[in-house]
Amino acid sequence: MLWEMMTEVVAALVWNQNRFMICQRPAHKARGLLWEFVGGKVEPGETREQALIRECREELAVTLDVSEPFMEVTHEYPDLTVHLTLFYATIREGVPQKLEHNDIRWITVDEIEQYAFCPADEEILGRLQNDY
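This structure is a prediction, so every number in the text was calculated from the model and none was measured. (Residues numbered from 1 in each chain as written. Predicted model: local features only at pLDDT ≥ 70, side-chain atom pairs only at ≥ 80, totals over all residues. Heavy atoms only, no water.)

Asker: Tell me what's going on with helix α2 (residues 122–131), and back it up with residues and numbers.
Answerer: Where α2 is concerned, the buried positions are I124, L125 and L128. Looking straight down α2, one finds that the buried residues subtend no more than 100° of arc, so they occupy a single side. Looking at α2, the residues exposed on the side facing more than 90 degrees away from the buried face are E123 and N130. (Buried < 20%, exposed > 50% of the residue type's maximum accessible area, 1.4 Å probe, protein only. Helix = DSSP H or I, 4+ residues; strand = E, 2+ residues; numbered from the N terminus. Arc of directions from axis to C-beta.)

As structure tokens, this is what we get:
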């Protein structure tokens, strides 16, 4: 098996009262139409927080305030291995727009089971279900 570099990925856990934001991947992308936390890859020279702020501007047209990590997971997909850091974040300005996603929803922890998430998020969702 070929050794692959791990892809550093960041995502945002954004709460609005008792609901958190999830985004549906576009149909044409890998893991199309699965749900995930908004975010993306960290580019060379960026901190994880800077990457998350940039990705949310690009994908949702919002400016985030990023705080501490909620948790970190490593997941091996068939095509890549990701190290995902999910940060607590709040929207400082803007209303989320579907610039890249198929859909955006605000869901409660009780509604998690109704959505098909990316496999890398399963561990995070389990912890959310325990903690909230």
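Past the structure itself, the notes keep going.
Asker: Which residues make up the environment of I124, and what values do they have?
Answerer: You can see I124 is positioned in helix α2. C-alpha of I124 to C-alpha of F70: the two residues are 54 residues apart in sequence and 8.7 Å apart in space. Look past the residues within four positions of I124 in its chain and what remains in contact with it is F37, F70, M71, V73, L84 and L86. (Contact = heavy atoms within 4.5 Å.)

Asker: Any details on the pairing of strand β1 (residues 7–16)? Residues and values, ideally.
Answerer: Burial within β1 is extensive, with seven of its ten residues counted as buried. Direction of pairing for β1 relative to strand β6 (residues 81–93): parallel, over a ladder of eight bridges. Across the sheet, the residue bridging to V9 is L84, located in β6. Note that β1 and strand β4 (residues 39–41) share three bridges and pair antiparallel. (Pairing = 2+ DSSP bridges.)

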